[in-house]
Amino acid sequence: MTTPLPFFVYGTLRPGEPNHDLFLRGRTDSEERARLPGAALYDGPGYPYAVEAPGSVVVGELVTARPEAYPRLLMDLDRLEDYAPGDPRNLYERVERRVTREADGAAVRAWVYLAAPSVTAHLRAHGRLIEGGDWLGRP
């Protein structure tokens, strides 16, 4: 069983975005503003990709699932993000990272979906960086 960590979401799973209601409504104990240090945000085809980038920050929410909803939510989010452990065709990789809660500055371990290596290479070469790392603040 995967360690039940909260999720750091930075795109279409954020409140007000289309996948929030589809995947998170009624399945969370808390959702709070947070930041992912050491990552940058790139615009994808209707959704963003976070990639490792020292000195950059991605803005999002730290989402804690209700315990009884966690196993199914993890499977649903992995499917949404086209992630399967060890699959070279992944668009995203689910990795554990430390994120910073805005309310108190505490560092919290969380699952984050980062762009897979092949996607990251393409984005760095040809992608459009979202300045400020906030999907909701993009032009």
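The rules behind these values
- Residues numbered from 1 in each chain as written.
- Predicted model: local features only at pLDDT ≥ 70, side-chain atom pairs only at ≥ 80, totals over all residues.
- Heavy atoms only, no water.
- Salt bridge = Lys/Arg side-chain N within 4 Å of Asp/Glu carboxyl O.
- Helix = DSSP H or I, 4+ residues; strand = E, 2+ residues; numbered from the N terminus.
- Buried < 20%, exposed > 50% of the residue type's maximum accessible area, 1.4 Å probe, protein only.
- Contact = heavy atoms within 4.5 Å.
- Arc of directions from axis to C-beta.

Engineer: Would you mind going over the pattern of salt bridges with me for this structure?
Structural biologist: Any two side chains of opposite charge can pair, so long as their charged atoms come close to each other. Within this structure, the stated rule accounts for 17 salt bridges. The partner of D76 in a salt bridge is R27, and the shortest N-O contact between them spans 2.9 Å. In this pair, D76 is assigned in helix α2 (residues 70–80) and R27 in the loop between α1 (18–24) and β2 (28–43), connecting sequence segments 49 residues apart. Of the two residues, D76 and R27, both sit in the buried class. In this structure, R97 engages E52 in a salt bridge whose closest nitrogen and oxygen atoms are separated by 2.4 Å. Residue R97 is located in strand β4 (residues 92–101), and its partner E52 is located in strand β3 (residues 48–65); the two are separated by 45 residues in the primary sequence. Residue classification places E52 among the partly exposed residues on the basis of a relative accessible area of 37%. Taken together, the shared-partner salt bridges in this structure form one network comprising R14, R33, R35, E61, E102 and D134.

Engineer: When you look at α2 in this model, what are you seeing that I'm missing?
Structural biologist: One turn of the α-helix equals 3.6 residues, which is why residues spaced by three or four share an orientation. Looking at α2, one finds that the buried residues are Y70, L73, L74, D76, L77 and D78. Packed against the buried residues of α2 are β1 (7–9), α1, β3, β4 and β5 (107–115). Of the residues trailing α2, D82 is marked for its positive phi of about 55 degrees.

Engineer: Looking at this structure, how should I read helix α3 (residues 117–126)?
Structural biologist: Among the residues of α3, those classed as buried are V119, T120 and L123. All buried residues of α3 fall inside an arc of 100 degrees around its axis, so they share one side. Residues of α3 that are exposed and point over 90 degrees away from its buried face: P117, S118, A125 and H126.

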